[in-house]
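Coordinates in review
Chain residues, written in single-letter form:
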Amino acid sequence: MDQAFLDQLTQWRRQLHAQPELSEHEHATSRFVQEKLTELGIPFVAGVGGTGVVATLSRPGSNRTVGLRADMDALPIQELNSAPYASQIQGAMHACGHDGHTVALLGTAATLAADESWKGQVQFIFQPAEENGVGAKAMIQDGLFERFPMERVFSFHNWPGLEAGTIAVHDGPVMAAGGRWSVTLHGLAGHAAIPHQTRDPIVAAGHLIVALQTIVARNVDPVDAVVLSIGQISGGVVSNQIPESVTLLGTLRTYRPEVREAVIKRMESIIAGICEAYGMQADVEILSTGRPIINTPAEAALSVQAGQAIGAPVRRDVRPSTTGDDFSFLIKERPGAYVWIGNGPAGPEGELHNARYDFNDAILPVCVGWMSEVARRALADAA
């Protein structure tokens, strides 16, 4: 990639970074993508699954097809960086690098549009609403695979803590299935000085917190990776009242469906037992909002070959993550692979979803190079 092209992509990335939009509200971002595709002379269809955009490039001589996907949405985080291109939107930030993903896919479209060496058809999928887990499903429900044929689908995520420009390719699981859960314990409110006349949901919640943590430690085979975390607890308004209710919110991350089912069953059993022991009633909601990303073997191999072809370091030894991505719904429908491209050292405040995170513009040549090369190889591959 020449310096002028990198400078252009960097300018686009920083422009998007300054104007982040939350899931299902990526209207200006979608318009930006459409404007750049128009300037590049690449045909596209807008409004796919909401604010999604799908661009298509075709070359005669082959009926092979491939899809490349990037996510576009930001997070409800107040940015703490002081860069000139820092977020100008209160309470919103590109804290996961989707601005870089979007621009990398635009750069890939530009690269393949100028390259006459390949044959077939490439679909460029600019997807909304990854962060809340509904964007991929919305595009699928809007006919993504019927309207825009693709035999395989590929994507990447920048990865802080991995050496900048290094490509990590997993055999099998890459990310876990996610899911939010909530429990509201209802007791009997009363004066904190006469607690025997109440049924205290705070005490019950304390025991529930401890009991839930035993599931991973004592009910899950140690070789299975499971995360059961509590991210929020709320209840009570004053110091001298036992409140009527306490709510716990958390997340559950798993790889294998049967393990997930067993964990949920155990959660429900423990919640019922706590309610019985402490005289509570409970409102329980356990959602499975995602599914694991599991690379298919042939596509993982192609991803390695593409990385090696562009001269990038490729690693096969990086462990999967218990984070999630709704690319899992795309890879459920078509064979594919999802790789990580190193963003460089993370530092204490440079991890994904941190208010001081920033996408590393220096990795754009690798991102564009890998996506361009994996598309060429997927179209040329006879498998």
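In this report, the structure presented in the accompanying data block is examined. (Residues numbered from 1 in each chain as written. Predicted model: local features only at pLDDT ≥ 70, side-chain atom pairs only at ≥ 80, totals over all residues. Heavy atoms only, no water.)

Next up on the list: the overall build of the chain. Tallying secondary structure elements over the chain gives 10 helices and 16 strands in all. Its C-alpha atoms give the chain a radius of gyration of 23 Å, near enough to 21 Å, the size a compact globule of 383 residues would have. C-alpha atoms of the chain, sized along the principal axes, occupy 80 × 45 × 40 Å. With 383 residues in all, the chain has 51% of them scored as buried. Considering only contacts in the chain between residues 6 or more positions apart, those separated by 24 or more positions represent 81%. Taken together, the 28 basic and 41 acidic charged side chains of the chain have centroids lying 4 Å from each other. (Helix = DSSP H or I, 4+ residues; strand = E, 2+ residues; numbered from the N terminus. Rg over C-alpha atoms; globule rule 2.2 N^0.38 Å. Buried < 20%, exposed > 50% of the residue type's maximum accessible area, 1.4 Å probe, protein only. Contact = heavy atoms within 4.5 Å. Lys, Arg positive; Asp, Glu negative; His and termini not counted. Charge placed at Lys NZ, Arg CZ, Asp CG, Glu CD.)

Grouped together as the largest cluster of nonpolar side chains are 50 residues, with contacts concentrated most on Leu37, Leu68, Phe124, Phe126, Phe154 and Trp370. It is helix α10 (residues 364–380) that provides the largest number of residues to this core, a total of 10 residues. Each residue touching phenylalanine 154, except ones within four places of it in the same chain, is listed here: Val66, Gly67, Leu68, Arg69, Glu299, Leu302, Ser303, Phe327, Ala337, Trp370, Val374 and Ala378. Membership of the second largest hydrophobic core comes to 24 residues, among which are Leu228, Leu248, Met267 and Ile271. (Core = buried A, V, L, I, M, F, W, Y, C linked by side-chain atoms within 4.5 Å.)

This part covers α10. The terminal C-alpha atoms of α10 lie 24 Å apart, and with 17 residues this matches the ideal 24 Å at 1.5 Å per residue to within 8%. Burial runs high along α10: 13 of the 17 residues are buried. (Expected span 1.5 Å × (residues − 1).)

Okay, the sheet that holds strand β8 (residues 180–186) next. Pairing is antiparallel across the open sheet formed by 4 strands, whose spatial order is β10-β12-β8-β13. A single partner strand is all that each edge strand has here, and the edge strands are β10 (226–234) and β13 (281–286). Sheet twist, expressed as the mean angle between neighbouring strand axes with direction ignored, is 15°. Pairing of β10 with strand β12 (residues 245–254) involves 8 bridges; the strand directions are antiparallel. Bridge pairing links leucine 228 to leucine 252 in β12. Lying on the sheet, helix α6 (residues 201–218) is in contact with β8, β10 and β12; it crosses β10 at an angle near 165°. (Pairing = 2+ DSSP bridges. Axes fitted to C-alpha atoms, helices over the stretch in contact; angles between N-to-C directions.)

Let us now look at the packing of α6 against helix α7 (residues 257–278). At a closest axis distance of 10 Å, the pairing of α6 and α7 adopts a crossing angle of 150°. Between α6 and α7, the interaxial angle falls into the category roughly antiparallel. Like other packed secondary-structure pairs, α6 and α7 cross with a definite hand, here right-handed. Touching Val203, Ala204, His207, Leu208, Ala211, Leu212, Thr214 and Ile215 of α6 are Val263, Arg266, Met267, Ile270, Ile271, Ile274 and Tyr278, all from α7. Partitioned by chemical class, the residues of the contact of α6 with α7 number 12 nonpolar, 2 polar and 1 charged. (Parallel < 35°, antiparallel > 145°, perpendicular 65-115°, else oblique. Left-handed = near helix turned anticlockwise from the far one by under 90°. Nonpolar A, V, L, I, M, F, W, Y, C, P; charged D, E, K, R; others polar.)

Enumeration over the complete set of coordinates arrives at 21 salt bridges. Arginine 13 is the partner of aspartate 358 in a salt bridge, and the nearest nitrogen-oxygen pair spans 2.9 Å. Taken together, the positions of aspartate 358 in the loop between β16 (336–344) and α10 and arginine 13 in helix α1 (residues 3–18) put the pair 345 residues apart, joining distant regions of the chain. The class for aspartate 358 is partly exposed, based on a relative accessible area of 22%. In this structure, the salt-bridge partner of aspartate 317 is arginine 315, at a minimum N-O distance of 2.9 Å. Residue classification places arginine 315 among the partly exposed positions, given a relative accessible area of 37%. (Salt bridge = Lys/Arg side-chain N within 4 Å of Asp/Glu carboxyl O.)

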